[in-house]
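An overview of the molecular structure
Next come the chains, spelled out residue by residue.
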Amino acid sequence: MSFVFKIIEKDEIYTIVPLVEKLNDYKVPSSVLIERFSEMVNQNYECAGIYDESKIIGICGLWFCTRHYSGKSVEIDHVYIEDAYRGKGLGKAFFKWIYNYAKLNGCESIELNTYVSNHASHKFYYNEGFKILGYHFLKKL
């Protein structure tokens, strides 16, 4: 199989909604996701996609910023690969592409959050050399 990794154009951002819905167990309605992504693409956000020919099968949000403790960085967000494509090294190849893309954009570091219950991702990120620095807290207003 031949896969393509690329940044999704702003006018195609809604193609990721079905994958984000799966990632979040359909807890956030598609209408809300569409509204949020329409705002996000006008901030420091980009989204990378994995394509099997013309079909999008994986995604990863990228938030660019500068932090006092890590310099220019990218925060990886909502990583998702369709079930049928997992366990074949595609995640590793995607992250290699992301590391290169981050470097090309002048980033010195990469950060990410993952759900506490997503044990498979913890193993993957440890194997990729990520270290736990703290906890991510959320309070709904």
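Below is a summary of the structure that appears in this document.

Rules of the game
Residues numbered from 1 in each chain as written. Predicted model: local features only at pLDDT ≥ 70, side-chain atom pairs only at ≥ 80, totals over all residues. Heavy atoms only, no water. Helix = DSSP H or I, 4+ residues; strand = E, 2+ residues; numbered from the N terminus. Rg over C-alpha atoms; globule rule 2.2 N^0.38 Å. Buried < 20%, exposed > 50% of the residue type's maximum accessible area, 1.4 Å probe, protein only. Contact = heavy atoms within 4.5 Å. Areas by Shrake-Rupley, 256 points an atom, 1.4 Å probe, with all protein chains shown as cover. Lys, Arg positive; Asp, Glu negative; His and termini not counted. Charge placed at Lys NZ, Arg CZ, Asp CG, Glu CD. Salt bridge = Lys/Arg side-chain N within 4 Å of Asp/Glu carboxyl O. Disulfide = S-S within 2.5 Å. Pairing = 2+ DSSP bridges. Axes fitted to C-alpha atoms, helices over the stretch in contact; angles between N-to-C directions.

Comments concerning the overall build of the protein
When its secondary structure is counted, the protein shows four helices and five strands. Starting at the N terminus, the α and β elements of the protein follow one another as β-α-α-β-β-β-α-β-α. Taking 141 residues into account, the globule formula puts the C-alpha radius of gyration at 14 Å, and the protein, at 15 Å, falls close to it. Seen through its C-alpha atoms, the protein measures out along the principal axes to roughly 40 × 40 × 30 Å. Within the protein, buried positions represent 38% of all 141 residues. Here the contacts in the protein between residues at least 6 apart in sequence split such that 59% fall between residues at least 24 apart. For the protein, the exposed area adds up to about 9400 Å²; of that, 55% sits on carbon and sulfur atoms. One way to put it: in the protein the 17 positive side-chain charges average out to a point 7 Å from where the 17 negative ones average out.

Some details on the pattern of salt bridges
One pass over the structure, following the stated rule, counts five salt bridges. For the salt bridge of Asp83 with Arg86, the shortest nitrogen-to-oxygen distance reads 2.9 Å. The class for Asp83 is exposed, based on a relative accessible area of 54%. When its relative accessible area of 41% is taken as the criterion, Arg86 is described as partly exposed. Here Lys92 ties to Glu128 by a salt bridge, and the two come within 2.9 Å at their closest N and O atoms. Here the residue Lys92 occupies a position in helix H3 (residues 90–104), and Glu128 occupies one in the segment after helix H4 (119–127), the gap between them amounting to 36 residues. Classification of Glu128 as buried rests on a relative accessible area of 17%. Several salt bridges converge on common partners, so that one network encompasses Arg67, Glu75 and Glu111.

Topic: the state of the cysteines
Joining two cysteines, a disulfide is a covalent bond between their sulfur atoms. Throughout the structure, instances matching the rule amount to zero disulfides. Unpaired in terms of disulfides, Cys47 finds its nearest cysteine sulfur in Cys60, a separation of 7.1 Å. Residue classification places Cys47 among the buried residues on the basis of a relative accessible area of 1%. Here Cys107 stays unpaired: no disulfide links it, and the sulfur of Cys65, its closest cysteine neighbor, is 8.3 Å away. Since its relative accessible area comes to 11%, Cys107 is described here as buried.

Let's talk about the sheet that holds strand E5 (residues 109–112)
Reading across the sheet, the five strands line up as E1-E2-E3-E4-E5 and stay open at both edges, with mixed pairing between neighbours. Both outer strands of the open sheet, strand E1 (3–7) and E5, are each paired with one neighbouring strand and no more. Recorded for the sheet is a direction-independent mean angle of 25 degrees between the axes of neighbouring strands. Relative to strand E2 (residues 45–52), E1 runs antiparallel, the two sharing five bridges. Bridge pairing in E2 links Phe3 to Asp52.

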